[in-house]
Each structure stands twice: as structure tokens, then as C-alpha cells.
Number of protein chains: 2
Amino acid sequence: MALLTIKQLAEQLGLAPSTVSKALRDSYEISAETKQRVLEAARQYHFTPNPYASSLRRKNSRTIAIVVPEVEDSFFSTAINGIEFVAHSADYHVLIYLTHEDQALEESILRELSNGRVDGILISVATGSASARHLLDYNMSGKPLVFFDRVLDEVPVHKVITDDFEAGYLASKHLLENGCTHISFLSIGDGLNIMKQRFDGGAKAVREFRPGTPYHYVNCSPDPNTARILIQKLLTSANQPDGIIGAVEKLAIATYLECKSLEIRIPEDLRVLAFSNLPTASLLKPGLSTIRQPAYEIGKKAASLLFESLNKNKPPFTPKSIVVPSVLEPRASTLWKEWQDHQ
Amino acid sequence: MALLTIKQLAEQLGLAPSTVSKALRDSYEISAETKQRVLEAARQYHFTPNPYASSLRRKNSRTIAIVVPEVEDSFFSTAINGIEFVAHSADYHVLIYLTHEDQALEESILRELSNGRVDGILISVATGSASARHLLDYNMSGKPLVFFDRVLDEVPVHKVITDDFEAGYLASKHLLENGCTHISFLSIGDGLNIMKQRFDGGAKAVREFRPGTPYHYVNCSPDPNTARILIQKLLTSANQPDGIIGAVEKLAIATYLECKSLEIRIPEDLRVLAFSNLPTASLLKPGLSTIRQPAYEIGKKAASLLFESLNKNKPPFTPKSIVVPSVLEPRASTLWKEWQDHQ
DNA sequence: GGTTTAATCGAAAACGATTTCGCAGATTGA
DNA sequence: TCAATCTGCGAAATCGTTTTCGATTAAACC
């Protein structure tokens with residue numbers, strides 16, 4: 001069944017294609033009754049304009065792209081949900097691209113997207129210390145780009161982030177308050193802004209509350225399997241930590257799994273705190289203390305900023321950085337003090 | 001920075017646009033050395049053809065759509081990952097649409113997508129007993145459509161599913177073997193094929209192994225909050241069950257949360273088994289027994305079938321139904337017998 | 001009544017790529 | 001040597017919309 005074209009619809013109505021087009025877009029040039037007729041016919045025949053012809057002519061696509069490292073992660077899936085909500089409300093379509101934490105892949109995706117396929121991009125960058133060239137280049141194309149969560153400071157665009165430094169500070173403070181004397185910060189890779197912020201925040205807490213306490217940055221891998229191996233090595237090493245801050249959800253899960261197989265008790269032997277949006281955090285054994293990010297809000301805000309840029313016609317652009325606070329949710333996995341008191 | 005067009009590139013090269021186009025698509029009409037020249041220039045200037053002009057002319061979009069109820073669910077996010085893998089390999093773009101279990105929304109999405117925006121659709125349908133009209137209509141348009149997991153039998157297209165009846169049977173059998181005398185099957189809504197299959201499979205096990213055992217279908221809501229309220233009502237009712245089969249991940253989480261707040265012990269007071277792909281199943285308190293679906297494989301298979309249809313030029317079409325087996329992973333949440341023996 | 005002005009609509013030119021078709025010049029075959 | 005074939009490329013039509021720019025008629029003004 002070939003699709004109906006505006007030309008055929010016009011013929012049916014005894015009108016010119018241009019008239020039909022204008023009627024459909026509610027142009028002032030067309031009389032109310034003609035509009036009525038056109039609308040009715042369009043509905044009757046289920047006519048919708050060919051999106052590609054339309055995009056070609058209008059030079060926009062009513063489509064945005066989400067570029068994220070992965071989708072099997074509560075933070076990202078929730079953020080996507082928030083983005084989709086806003087996009088759908090604005091009657092935009094959403095393309096999704098996964099970088100799998102691969103810089104080269106991220107680059108090729110961004111190069112490809114700069115050919116006009118999308119009107120704008122929402123991105124949370126992959127780990128890896130490579131350059132921001134591809135993002136700067138995309139930005140130069142004049143089409144809006146908004147970062148969320150994992151940002152690159154050197155690119156002057158809107159950003160929606162959480163107070164990572166502060167959250168890292170609170171995380172570390174919380175562990176210290178619960179008797180930790182040796183904290184390891186588990187990261188998924190260098191070069192990622194949020195990793196540095198979270199780690200540095202933790203360092204500040206150590207300096208303030210118990211200076212000299214060992215506090216190490218452990219570069220695990222984004223790959224769960226190799227991460228587990230590294231965590232195992234860490235937990236069985238001579239100076240294993242008694243407190244862990246997992247920078248992302250996957251590292252928390254890996255830590256729990258490894259503790260289970262090594263029979264390391266949480267929180268007795270090891271206190272665990274993680275940046276995570278796991279819906280099951282409170283149901284784990286023991287309940288996982290988390291720094292929860294408002295993922296849905298972040299997604300919505302980032303998308304809103306994108307559409308804001310999309311609708312403003314080339315203003316004097318001053319990039320905003322919106323910071324939405326994360327919250328520390330202490331649970332059994334870190335409540336060592338309480339646990340001790342109860343004995 | 002305005003985008004480079006093929007015309008401008010041709011001018012740079014002293015060639016006609018048609019020649020450049022043909023060279024880029026490796027046409028036999030163009031000499032090797034000209035191709036070389038064109039390719040080089042294209043790379044140098046970062047030229048990629050305008051996708052909308054291209055799609056308009058070629059009447060295809062190199063884009064597919066994923067239509068799913070939600071993305072904050074391990075099954076769907078993993079399936080999406082599998083789909084994306086295949087799509088990316090085939091150099092296709094992926095649009096994502098969320099129906100939020102809303103039939104009307106699903107309909108409007110499918111109507112919209114039938115205007116040629118995508119070359120094909122992968123869908124897992126929303127709950128609700130409404131008609132399959134929109135899917136039948138889309139199918140009539142001649143563009144391929146593939147179901148995964150949540151299928152509609154009346155639409156004659158490729159489907160990738162799991163052995164739901166069998167899995168329901170195993171689930172129910174497992175609960176009976178672990179001392180359940182009253183089983184409730186928690187569904188997220190009527191009219192969904194997989195719900196019926198899973199429930200009916202369970203009924204068969206009851207008939208076979210302990211006929212007469214109360215076995216009820218409980219229609220919870222897809223909305224977590226109302227689901228929790230209904231579950232609470234169930235668990236505090238006069239004849240509350242001692243065994244629960246959760247049809248989807250969210251219901252398992254809701255059940256656990258509710259048990260926690262009602263201080264119902266799992267598995268002592270209630271055994272819980274759920275269709276779920278939770279990565280934390282083994283880490284819960286107690287470990288959640290699951291029926292795990294091979295979500296990634298399902299996604300990959302479904303996408304492969306779609307591309308198969310896309311590449312075949314209108315064959316005598318016979319819809320395939322691929323069934324990939326789920327696996328029962330028993331954990332502490334149902335191991336009542338063992339627990340008893342240990343006392 | 002003649003001239004503005006407004007109100008509706010249509011013709012035709014884009015948008016940027018692809019494809020058909022034809023045209024040269026070179027090569028081959030008899 | 002002349003026709004037939006082959007090679008390599010370009011001109012122009014086309015995909016389906018949107019938009020610009022007139023054109024036509026009717027209403028309004030002086």
C-alpha cells in the first residue's frame with residue numbers, strides 16, 4: 001500500500017498541493033472552511049506528510065539523539081525515561097545511541113550525527129581520557145548539544161549535573177563516621193569528570209575528619225567482569241580496605257558479588273557505599289547505602305534545556321550548568337557503628 | 001557552519017553531482033581513480049550525504065523503531081541493548097518509543113510510524129485488552145514488524161518469545177514442591193498473551209501435582225504504586241497466599257517491599273518467585289528465585305529477523321515464531337523445604 | 001466609478017540526493 | 001575502415017514537501 005502524498009490528497013480535494021500544505025499547518029492564508037475540509041480529508045485518509053521530504057525542505061528533523069554509554073543501568077534508563085517524556089511532549093522523535101564506553105565509537109556517532117539527522121544531542125560521555133574534539137566540532141556546527149551527568153568542562157554548552165564533589169564528600173564522611181580506616185574509591189576509568197569530582201570530594205572529607213587515613217583511587221574497568229577481578233584483587237590484597245565507595249551502580253553490584261564469593265561480611269568487614277539508583281538497594285543483603293541521583297529530573301531538565309536552545313533563534317549563548325542535588329541514603333551496608341552498638 | 005552538499009563537493013572536484021554520488025556508492029560506472037579522488041575529498045571535508053534527501057529519494061530510512069512499554073526494567077533495557085547491537089552492526093539508526101503501558105499511546109505511535117519514518121518496527125506490546133487494529137494496519141503497509149516477548153497472536157509476523165507456558169509450569173511446580181498450598185499469580189494486566197501463558201502453565205502444574213490447590217490470578221496494575229496497594233491487600237486478606245509468582249520484575253520488587261513493611265518473612269511465611277532479569281536477584285534478602293529470560297538474545301534475534309525481512313524483497317512470507325527458553329534459577333526466596341530441613 | 005486593500009488560492013522553485021538515460025570518446029571486431 | 005561495443009561521465013528528472021511570489025476576485029475606500 002503506497003503512501004498517500006500531499007499531491008494525491010490535493011487532487012482528491014480539487015486543491016493545489018500548496019494549499020493543502022498551508023491548510024495543514026494552519027496558515028492564515030487559507031479560509032476556515034477550506035482548512036476544515038482539508039483537515040477532515042487528512043484524517044479520513046490517515047494522511048501524514050512524508051517526514052523526510054518535510055525535513056529536507058524545512059531543514060530540521062524534529063528528532064533528537066540520546067548518546068549514552070549504556071542502557072542497562074538504572075541511572076541511564078531512568079534518565080532516558082525523563083528525556084523521552086519531554087521529547088514526546090514536544091512532539092519530537094528520539095534516536096538512541098550506545099557508546100559502550102568506547103571513545104572511538106562515540107566519535108564516529110557524533111560525526112555521523114552532524115550531517116543534520118538530528119536537531120540536537122543529549123549526551124553523557126564515555127569514559128576514557130581522549131579529546132573532546134568531536135564534541136567541540138559538533139558544537140561548532142551550531143546545533144545544540146546538552147550534557148548530562150558525565151560532562152566535559154571544555155565544551156561550552158548547557159550541562160545538567162549533580163553536586164558530585166559534595167556527594168563524594170558526604171560519602172567519605174559517612175564512611176569515616178562509621179569506623180572506616182582505609183577507604184577505596186572504585187572508579188570505572190580516568191578522565192571522567194564525575195569520577196574526579198567524587199573522588200576529590202571524598203579526599204576533602206578525609207582531610208577534614210581523619211587526616212592521614214588511607215584513601216585510594218582504584219581504577220576498575222567499565223567491564224563488569226574485569227572489574228570483578230580487580231575488586232577481588234583489591235579485597236584479598238595485603239592492605240585491603242574496610243570501606244568502599246563505588247562510583248557507579250555496576251561497581252556496587254560487582255563488589256557485593258565478590259564479597260559474597262569471598263565471604264567478606266558487609267558491613268562488619270567492609271562497609272560499602274555506592275553512587276547508584278538501584279530500585280532494589282533497600283532490598284539487598286545488606287541494604288545498600290547509596291548516593292541516589294535524581295535521574296528522571298536530570299533527564300527532564302537536560303531535555304528541556306535542549307528544547308530551549310532549539311526554540312531560541314541564535315541568542316547570545318551563555319551556557320548554563322544546572323546542579324541538582326543527590327541524596328545520601330544510608331542503609332545497613334555502612335551502618336557499622338549502629339551494628340556494633342547493638343552487640 | 002552550513003553543511004557541505006554533494007553539489008559543492010562535486011564543484012570542488014570538477015565533477016558532476018551524479019558522478020560523485022555514484023562514486024560514493026561504488027558504482028561500476030565510475031573509474032577506480034575517480035572513485036579514489038572522490039572518497040578522499042569526502043573524507044577530507046567530512047562529507048556525509050544529507051540523510052533526509054537521501055531517504056526521500058531512495059524511499060528508505062536506514063532507521064528502525066523500538067516500541068516498548070518502558071525502559072526502566074532489566075528485561076527491556078537488556079533487550080534494547082541486544083537490538084542496538086544488531087542495528088549498529090547493520091548501520092541502522094534506532095528510534096525509541098515508550099508506550100508506558102498505554103494502548104492509546106501505542107496506537108498513535110504506530111500510526112505516526114506508518115508514514116515512512118522507519119523501515120521497520122520491533123515491538124513489545126502494552127498491556128490492555130484493546131484491539132490489534134493498529135498493528136494489523138501497520139503490517140498491511142508492507143513494512144516489516146517483529147514482536148518480541150509480548151506478542152499479539154492475531155498479527156501474522158515474526159515473533160521472538162520465550163516458552164512462557166512451560167516457564168509458568170515450572171514456576172508453579174517449584175512452588176508446590178516447596179510446600180506452597182495457596183499460590184497467587186500476580187499479573188500486570190489482562191489481555192497480554194504472556195500473562196495468560198504463564199498463568200495457564202502454572203495451572204497445569206497445580207492440576208498435575210496437587211489438584212485442588214488454590215491458585216489465583218491477581219490482576220495488579222502496571223503502576224508500581226497501585227500494584228503495591230493491591231499486593232498489600234492480598235497479603236493481609238483472610239486467605240492470603242503462601243506462594244507468589246510475579247509476572248514481571250516490578251511486581252517482584254513491589255512484593256518484597258510490601259513484605260518488608262508488613263514484616264512478612266520470605267520464604268517462611270511466603271515464597272516468592274518472579275519472572276525477572278534483575279542483576280541483583282542473588283543479592284537480595286533473601287535471594288530472589290527467578291525465571292530469567294535471555295533478554296539480550298531475544299533482542300538480537302528479533303532485530304536479526306527484522307533485518308532479514310528488510311533485505312529479502314517481498315518473499316512468500318511465512319511468519320516464524322522463535323522460542324528461546326527461559327531458565328528457572330531457584331534461590332532462597334522459595335527454598336522453604338531446605339530451610340525447614342535445616343531446622 | 002476607479003483604485004486600494006484584503007482574502008484565497010495556485011504555479012513554480014526550492015531542499016539535496018539518486019537514478020535514468022544519453023552522449024561522447026575509446027576500443028574492439030570483421 | 002566502418003560499425004558495434006564499451007567506458008566514463010554528465011544532464012535532467014525525480015522523490016514529496018514547503019515557501020515564495022503572484023494572480024484573481026471581492027470588499028472597501030474616497
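Quick caveat: nothing in here was measured; it's all calculated off a predicted structure.

Caption draft 1: Focus on the relation of the copies chain A and chain B. Taken as rigid bodies, chain A and chain B are interconverted by a rotation of 180° and an axial shift of 0.0 Å, the fit giving an RMSD of 0.0 Å. This pairing of chains is accounted for by a two-fold axis. Most of the interface of chain A is mirrored in chain B, where 100% of its interface residues again form contacts.

Caption draft 2: Examining the environment of Leu 234 of chain B more closely. Residues and elements named next belong to chain B. Structurally, the position occupied by Leu 234 is in helix 10 (residues 224-235). For the pair Leu 234 and Ser 184, spaced 50 residues apart in the sequence, the C-alpha separation amounts to 8.9 Å. Leu 234 has contacts with Ser 184, Leu 186, Val 218, Gln 240, Pro 241 and Ile 244, leaving out every residue within four places of it along the chain.

Caption draft 3: View of unusual backbone geometry. Going from Lys 285 of chain A to Pro 286 of chain A, the amide bond is cis rather than trans, its omega being -5°. Mapped onto the secondary structure, Pro 286 of chain A falls in the loop between strand 9 (271-275) and strand 10 (289-292). A cis geometry characterises the amide bond from Ile 266 of chain B onward to Pro 267 of chain B, with omega recorded as 5°. Looking at the secondary structure, you find Pro 267 of chain B in the loop between helix 11 (249-262) and strand 9 (271-275). Backbone geometry at Glu 101 of chain A places phi at a positive 60°, although glycine is not the residue there. The exposure class assigned to Glu 101 of chain A is buried, which follows from its relative accessible area of 15%.

Caption draft 4: Molecular detail of the interface of chain A and chain B. Counting residues at the interface gives 48 residues for chain A and 48 residues for chain B. Summed over both sides, the interface of chain A with chain B buries roughly 4,800 Å², with 62% coming from carbon and sulfur. If you sort the residues of chain A by the area they bury against chain B, Tyr 52, His 93 and Leu 283 of chain A come out on top, with a joint share of 16%. Counting the contacts that link chain A with chain B gives zero salt bridges. Between the two partners, chain A and chain B, sit 20 residue pairs in polar contact (both at pLDDT 80 or more).

Caption draft 5: The protein's contact with DNA strand C, seen in detail. DNA strand C sits among 29 residues. The nearest are Thr 19 and Lys 59 of chain A together with Ile 6, Arg 25 and Arg 57 of chain B. Close to the protein, within 4 Å, the atoms of DNA strand C belong to sugar or phosphate groups at a rate of 59%. Interatomic distance of 3.0 Å between a backbone N/O atom of Ser 31 of chain A and a phosphate oxygen of DNA strand C. At 3.3 Å, a side-chain N or O of Lys 22 of chain B approaches a base oxygen of DNA strand C. Those elements giving two or more residues to the surface near DNA strand C turn out to be helix 2 (17-24) and helix 4 (51-58) of chain A together with helix 1 (6-13), helix 2 (17-24) and helix 4 (51-58) of chain B. Ranked by residues supplied to the surface near DNA strand C, first place goes to helix 4 of chain B with five residues. A per-class count over the surface near DNA strand C returns nine nonpolar, ten polar and ten charged.

Caption draft 6: Highlighting the domain arrangement of chain A. Here chain A is partitioned into domain 1 (6-49), domain 2 (59-162 + 295-325) and domain 3 (164-292 + 328-342). Between the C-alpha centres of domain 1 of chain A and domain 3 of chain A there is a distance of 62 Å.

Caption draft 7: Here's a closer look at the pairing of strand 6 (residues 183-187) of chain A. Residues and elements named next belong to chain A. With five of its five residues buried, strand 6 lies for the most part within the structure. Covered by surrounding structure in strand 6 are Ile 183, Phe 185 and Ser 187 together with Ser 184 and Leu 186, the residues of both alternating faces. Judged from the five bridges that link them, strand 6 and strand 7 (residues 215-219) form a sheet pairing that is parallel. Paired with Leu 186 across the two strands is Val 218, which belongs to strand 7. As a crossover connection, the stretch from strand 6 through helix 9 (residues 193-209) into strand 7 is right-handed. Where strand 6 and strand 8 (residues 243-246) come together, four bridges link them in parallel fashion. Bridge pairing in strand 8 links Ile 183 to Gly 243.

Caption draft 8: How the structure looks around the pattern of salt bridges. The full count for this structure, using the stated rule, is 36 salt bridges over all chains. With its nearest N and O atoms 2.9 Å apart, the salt bridge here joins Glu 101 of chain A to Arg 150 of chain A. Of this pair, Glu 101 of chain A sits in the loop between strand 2 (93-98) and helix 6 (103-113) while Arg 150 of chain A sits in the loop between strand 4 (145-148) and strand 5 (158-162), and the two are 49 residues apart along the sequence. Taking the relative accessible area as the measure of exposure, Arg 150 of chain A reaches 3% and is therefore buried. For Glu 308 of chain B, the salt bridge goes to Lys 312 of chain B, with nearest N and O atoms at 3.9 Å.

Caption draft 9: View of the protein's contact with DNA strand D. Neighbouring residues of DNA strand D: 28 residues in total, closest Ile 6, Arg 25 and Arg 57 of chain A together with Thr 19 and Lys 22 of chain B. Looking at DNA strand D alone, sugar and phosphate atoms form 60% of those within 4 Å of the protein. At a separation of 3.0 Å, a phosphate oxygen of DNA strand D approaches a polar backbone atom of Ala 16 of chain B. In this structure, Thr 34 of chain B approaches DNA strand D through a side-chain N or O atom, which is 2.6 Å from a phosphate oxygen. If you list the elements that add at least two residues to the surface near DNA strand D, you get helix 2 and helix 4 of chain A together with helix 2 and helix 4 of chain B. Of the residues forming the surface near DNA strand D, the biggest block, four residues, is contributed by helix 4 of chain A. Residues of the surface near DNA strand D, tallied by class, amount to nine nonpolar, ten polar and nine charged.

Thresholds applied
- Residues numbered from 1 in each chain as written.
- Chains lettered and ligands numbered in written order.
- Predicted model: local features only at pLDDT ≥ 70, side-chain atom pairs only at ≥ 80, totals over all residues.
- Heavy atoms only, no water.
- Least-squares fit on C-alpha atoms with pLDDT ≥ 70 in both.
- Contact = heavy atoms within 4.5 Å.
- Helix = DSSP H or I, 4+ residues; strand = E, 2+ residues; numbered from the N terminus.
- Buried < 20%, exposed > 50% of the residue type's maximum accessible area, 1.4 Å probe, protein only.
- Buried area = accessible area lost by both parts, 1.4 Å probe.
- Salt bridge = Lys/Arg side-chain N within 4 Å of Asp/Glu carboxyl O.
- Polar contact = N/O pair within 3.5 Å; in protein donor to acceptor, adjacent residues only side chain to side chain.
- Near = heavy atom within 4 Å.
- Nonpolar A, V, L, I, M, F, W, Y, C, P; charged D, E, K, R; others polar.
- Domains from an automatic or database assignment.
- Pairing = 2+ DSSP bridges.
- Right-handed = clockwise from strand over helix to strand, strands pointing away.

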